[in-house]
Amino acid sequence: MAKSHESRNGAEVSGTLGDYEDAIRQIREVMAVRVVAGDRGGIDEIHVLAGNGRNPKQIVRDIESSLMAQFGLSVDHKRISVAQVEEGASTTWGSGRLRLLGVRFTTDTARAEAEVKVEFDDVIHAGRASGPASGANRLRVAAEAALAAVSEYFNSGYQLSLDDVLVVGVRDKRIALTIMTILTSGGEDTLTGSSLIRGAEQDAVARSVLDALNRRFTMMVRKPGARPGPNGSSTATDEISS
């Protein structure tokens, strides 16, 4: 018997989390999906990995329509994140290129440490992070180090926070998926990025961070080599464009 959930408008709906995931997998371009339940049994988050043949907003609308038509379930579009898999050796921002130079990852029985180096317009920054050496946290440490490195290029008006890192299987492939939030004076936005795992998982996680930042927003960055001005502002800026 299907378990009942409660939609955001208070109406009772039918279906299990597995039913919802099965329905979403039928949508064109969807490759993998993870539905996360909230404390009260409702839908808290929906993470989707898709091909790049459709606009993410179209996929989100199809998810909303499918869940409503089949299960009477209303889901806020802000709870749905779509990461699209794109093949590419580099990430281009404006006139410069953001490149992943390397990932150094060490671990012992209790502690994991990561250092990620990136380059933008001939300026190299390194980010470092550490934490408990649990299986899930090893991925998170690599993502936090990548965020720390990339954040060095941003003006003080932008902040990045890591929401989740996971590895999903698609057919015979494994893909690193990163979900993060960018905070500005005007509000916040959810960013998702992905990278095919060809070697170490930590390398793919770092690349998925760059993928999320490149694809989903345009922002002002501190001009490479410029020194911060008063109140943490930069003396010169460049614009990043996807």
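Read on for a plain summary of the structure. (Residues numbered from 1 in each chain as written. Predicted model: local features only at pLDDT ≥ 70, side-chain atom pairs only at ≥ 80, totals over all residues. Heavy atoms only, no water.)

### A short note on the packing of aromatic side chains
Phase 1: Scanning the entire structure with this criterion turns up 1 aromatic pair.
Phase 2: Relative to Phe71, the ring of Tyr20 lies with its centre 4.9 Å away and its plane at 75°, an arrangement referred to as edge-to-face. Remark: Phe71 occurs in helix α2 (residues 56-71) and Tyr20 occurs in helix α1 (residues 17-25); sequence separation between them is 51 residues. Taken individually, Tyr20 and Phe71 each receive the classification buried, so the pair is uniform in this respect. (Phe/Tyr/Trp six-rings, centres within 6.5 Å; stacked < 30°, edge-to-face > 60°. Helix = DSSP H or I, 4+ residues; strand = E, 2+ residues; numbered from the N terminus. Buried < 20%, exposed > 50% of the residue type's maximum accessible area, 1.4 Å probe, protein only.)

### Digging into the sheet that holds strand β5 (residues 80-84)
Phase 1: The mixed open sheet is built from 3 strands, whose spatial order is β3-β4-β5. Since the sheet does not close on itself, it has two edges, and those belong to β3 (30-37) and β5, each with one partner. On average, each strand axis in the sheet is tilted by 15° relative to the strand beside it, whichever way the strands run.
Phase 2: As judged from the 5 bridges shared by strand β4 (residues 43-50) and β5, these two strands associate in the parallel manner. Bridge assignment links Ile46 to a residue of β5, and that residue is Ile80.
Phase 3: Strands β3 and β4 of the sheet are contacted by α1, whose axis makes an angle of about 155° with β3.
Phase 4: Here α2 sits on the sheet in contact with β3, β4 and β5, set at roughly 135° to β5. (Pairing = 2+ DSSP bridges. Axes fitted to C-alpha atoms, helices over the stretch in contact; angles between N-to-C directions. Contact = heavy atoms within 4.5 Å.)

### Some points on the side chain of Gln202
Phase 1: Locating Gln202 in the fold gives a position in helix α4 (residues 201-216).
Phase 2: When neighbours within four sequence positions are excluded, Gln202 is seen to be in contact with Val103, Phe105, Arg138, Leu139 and Ala142.

### Quick word on α1
Phase 1: When we look at burial in α1, the residues that qualify are Tyr20, Glu21, Ala23 and Ile24. The buried residues of α1 occupy an angular sector of 160° when the element is viewed end-on, so they sit on one face. (Arc of directions from axis to C-beta.)

### Topic: the layout of surface pockets
Phase 1: Of the voids in this model, the largest pocket is the one considered here, and its volume is about 630 Å³.
Phase 2: Lining the largest pocket are 22 residues, and of these His77, Lys78, Ile80, Asp189 and Thr190 lie nearest its centre.
Phase 3: Taken together, the elements giving at least two residues each to the lining of the largest pocket come down to β4, α2, β5, β10 (159-170), β11 (173-184) and β12 (187-196).
Phase 4: The leading source of residues in the lining of the largest pocket is α2, at 5 residues.
Phase 5: By residue class, the composition of the lining of the largest pocket is 5 nonpolar, 6 polar and 11 charged. (1 Å grid on protein atoms, 1.4 Å probe; cavity = no way out; pocket = protein on both sides within 12 Å on 5 of 7 lines; lining within 4 Å. Points joined across faces, edges and corners; volume = space filled by probe spheres on them. Nonpolar A, V, L, I, M, F, W, Y, C, P; charged D, E, K, R; others polar.)

### Quick look at the pattern of salt bridges
Phase 1: Under the definition given, this model contains 9 salt bridges.
Phase 2: Across the pair Arg34 and Asp164 runs a salt bridge whose closest N-O atoms are separated by 3.6 Å. One end of the pair, Arg34, is in strand β3; the other, Asp164, is in strand β10, with 130 residues separating them in the sequence.
Phase 3: Overall, the relative accessible area of 37% leaves Arg34 in the partly exposed class.
Phase 4: Among the residues examined, Asp164 registers a relative accessible area of 23% and is labelled partly exposed.
Phase 5: Among the ionic contacts, a cluster of salt bridges with common partners joins Glu21, Asp22 and Arg25. (Salt bridge = Lys/Arg side-chain N within 4 Å of Asp/Glu carboxyl O.)

### Let's talk about the sheet that holds β10
Phase 1: Ordered by their spatial adjacency, 3 strands build an open sheet running β10-β11-β12, and the pairing between neighbours is antiparallel. Across the chains shown, the open sheet's two edge strands, defined by having one partner strand only, are β10 and β12. Strand-to-strand, the axes of this sheet are offset by a mean angle of 20°, without reference to chain direction.
Phase 2: Those strands touched by helix α3 (residues 135-151) are β10 and β11, and its axis lies near 135° from that of β10.

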